[in-house]
Amino acid sequence: MKTSVAVALAWLASQLLLPSDLPIFAAIAALLVVQPSVNQTLGRAIERTSGVIGGVIIASTIGFFFGQSSWVVLGTVIVSITVAWALRLSPVSASQIPISAMLVLALGATTPGYALDRIYETFIGAGIALIINAVIVPPVLIRPASEAVSLLAREVAETFDRIARALRTPQRPADLMELMIKARLLRPMLESAERAILQAEESLMLNPRKAKLRLDLDADRAMTKRLPTLVTRAIGMTRALHDHYDDSLQYEPSLQAFSTELVRVAHDLRLLTRGDGEGSAAPALPAPEVMALTAPLQIVTPHPDHWILIGSLMEDLRRVREEIVGD
């Protein structure tokens with residue numbers, strides 16, 4: 001809807017201000033400049049306008065000295081591509097320079113002032129697109145980001161619960177493989193959550209509603225700073241259990257106590273996770289009385305076959321506790 005309105009207004013405005021030709025450049029500019037966020041629209045407007053100006057300058061200079069024959073048009077396109085490549089311009093500007101140069105030489109040969117009018121048209125189309133995208137409220141991507149972060153945090157907590165259950169009950173090789181596969185899925189989920197946070201931040205830039213929505217985004221961003229370490233440790237624990245598991249583990253007193261601590265880890269992590277539609281402040285640490293991961297864990301000397309696994313799990317647990325409690 002925004003793109004259609006922007007194209008229509010750009011067309012009408014250009015016809016009123018520049019009645020000599022059909023305002024194709026204004027319509028194209030409006031069509032290409034409208035983006036999901038105001039910030040993206042501004043960036044695309046700058047790229048589009050700079051590309052048109054660069055193409056017009058190159059075409060006008062070459063046309064002045066060599067005319068407008070077909071070989072000159074072809075040579076101008078090649079020169080424009082080379083200039084865009086040498087300047088390492090963005091894809092939008094790099095493609096716009098040769099297109100504008102070709103159109104100016106091919107269509108502007110018999111029209112005085114054609115090149116300058118095309119620049120004016122582009123400014124009109126890009127400006128109207130920017131205004132329309134700010135007036136017709138652009139979408140904010142806070143909720144998708146919040147859902148992605150909450151989903152990841154809940155899945156990390158579920159991973160700790162699954163490890164705890166695996167330490168308490170006998171596991172088959174297929175069970176251990178399933179545990180490992182599910183843990184590996186945390187990596188793409190983490191990447192998705194971080195990407196969603198970046199998109200949400202970009203959607204708020206230059207957005208008139210950003211002050212009201214900033215607190216929600218700050219809460220999710222604070223949570224994502226904790227999650228990479230938790231994801232790494234969850235995968236590390238799962239890998240250690242997968243590689244060093246044997247049936248006698250369930251008789252190891254320390255590991256049974258350790259499974260209880262992992263349940264507490266999952267409990268405390270869920271306390272840190274903001275639910276859908278809850279609050280608008282950065283997540284604070286839970287009060288000490290509701291934190292489960294508080295008591296020191298007593299470790300007795302393990303069986304020689306198990307000390308590597310227990311040592312690895314203890315170090316991962318220490319790092320997890322640091323992230324959750326904030327020590």
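Everything discussed here concerns the structure shown above.
Conventions used here
Residues numbered from 1 in each chain as written. Predicted model: local features only at pLDDT ≥ 70, side-chain atom pairs only at ≥ 80, totals over all residues. Heavy atoms only, no water. Helix = DSSP H or I, 4+ residues; strand = E, 2+ residues; numbered from the N terminus. Buried < 20%, exposed > 50% of the residue type's maximum accessible area, 1.4 Å probe, protein only. Contact = heavy atoms within 4.5 Å. Areas by Shrake-Rupley, 256 points an atom, 1.4 Å probe, with all protein chains shown as cover. Core = buried A, V, L, I, M, F, W, Y, C linked by side-chain atoms within 4.5 Å. Axes fitted to C-alpha atoms, helices over the stretch in contact; angles between N-to-C directions. Parallel < 35°, antiparallel > 145°, perpendicular 65-115°, else oblique. Left-handed = near helix turned anticlockwise from the far one by under 90°. Nonpolar A, V, L, I, M, F, W, Y, C, P; charged D, E, K, R; others polar. Expected span 1.5 Å × (residues − 1). Arc of directions from axis to C-beta. Salt bridge = Lys/Arg side-chain N within 4 Å of Asp/Glu carboxyl O. Patch = residues over 30% accessible without salt bridge, like charges linked within 9 Å, V, L, I, M, F, W, Y side chains within 5 Å.

**Quick notes on the overall build of the chain**
In terms of helices and strands, the chain carries 12 helices and 0 strands. Going from the N terminus to the C terminus, the chain shows its helices and strands as α-α-α-α-α-α-α-α-α-α-α-α. A buried classification covers 43% of the 327 residues belonging to the chain. For the chain, restricting intrachain contacts to residue pairs at least 6 apart in sequence, the fraction spanning at least 24 positions comes to 81%. As displayed, the chain has an accessible area near 16500 Å², and 65% of this comes from carbon and sulfur atoms.

**Notes on the nonpolar core**
Membership of the largest hydrophobic core comes to 49 residues, with the highest contact counts inside it found for Phe160, Met237 and Leu241. Elements with a minimum of two residues in this core: α7 (142-168), α8 (173-184), α9 (186-204), α10 (210-244), α11 (253-272) and α12 (307-325). The greatest single-element share of this core, amounting to 13 residues, is contributed by α7. Membership of the second largest hydrophobic core comes to 16 residues, among which are Val56, Ala101, Val104 and Ile119.

**What to know about the packing of α7 against α9**
As a packed pair, α7 and α9 sit with axes 8 Å apart at the nearest point and diverge in direction by 155°. Relative to α9, α7 is oriented roughly antiparallel. In this structure, α7 crosses over α9, and the sense of that crossing is left-handed. Mapping the contact onto sequence places Ile142, Pro144, Ala145, Ala148, Val149, Leu151, Leu152, Glu155, Val156 and Thr159 in α7 and Leu186, Met189, Leu190, Ala193, Ala196, Ile197, Ala200 and Leu204 in α9. Looking at the contact of α7 with α9 residue by residue, the class counts come to 16 nonpolar, 1 polar and 1 charged.

**What to know about helix α4 (residues 70-86)**
For α4, which comprises 17 residues, the first-to-last C-alpha distance of 24 Å matches the rise-based estimate of 24 Å (1.5 Å per residue) to within 8%. Taken as a whole, α4 has its buried residues at Val72, Val73, Thr76, Val77, Ser80 and Ala84. An end-on view of α4 places all buried positions within 140° of arc, on one side of the element. When the buried face of α4 is taken as reference, the exposed residues oriented beyond 90 degrees from it are Trp71, Leu74, Trp85 and Ala86. A positive backbone phi angle near 55° is found at arginine 88, which sits one or two residues after α4.

**Here we look at the side chain of threonine 49**
Locating threonine 49 in the fold gives a position in helix α3 (residues 38-66). Filtering out sequence-adjacent residues up to four positions away, threonine 49 remains in contact with Thr122, Phe123 and Ala126.

**Regarding the environment of arginine 187**
Tracing the backbone through its elements, the reader meets arginine 187 in helix α9. On the basis of relative accessibility, which here comes to 36%, the residue arginine 187 falls in the partly exposed class. As a C-alpha pair, arginine 187 and isoleucine 235 span 48 residues in sequence and 8.9 Å in three-dimensional space. If sequence neighbours within four positions are ignored, arginine 187 has contacts with Val231, Thr232 and Ile235.

**Let's talk about the pattern of salt bridges**
One pass over the structure, following the stated rule, counts 12 salt bridges. A salt bridge links arginine 172 to aspartate 175; the shortest N-O distance between them is 3.0 Å. Judged by its relative accessible area of 55%, arginine 172 falls in the exposed class. One continuous salt-bridge network, built from bridges that share partners, spans Glu315, Arg318, Arg319 and Glu322.

**A word on the environment of asparagine 133**
Its place among the elements puts asparagine 133 in helix α6 (residues 114-135). A relative accessible area of 0% means that asparagine 133 is categorised as buried. Separated by 127 residues in the primary sequence, asparagine 133 and alanine 6 have C-alpha atoms spaced 8.3 Å apart.

**Focus: the packing of helix α1 (residues 2-17) against helix α2 (residues 24-33)**
The contact between α1 and α2 brings their axes to 8 Å, and the two run at 155°. For the element pair α1 / α2, the angle class is roughly antiparallel. When the axes of α1 and α2 are compared, the crossing they make is right-handed. Note on element contacts: α2 touches α1 through Ala26, Ala27, Ala30 and Leu31, opposite Thr3, Ala6, Val7, Ala10, Trp11 and Ser14.

**Some details on a nonpolar patch on the surface**
A cluster of nonpolar side chains, Leu22, Ile24, Ile28, Leu31 and Leu32, forms an exposed patch at the surface whose accessible area comes to about 420 Å². Structurally, isoleucine 28 is set in helix α2. Looking at isoleucine 28, the relative accessible area reads 30%, which means it is partly exposed.

Spatial relationships are all this shows, so hold off on functional conclusions.
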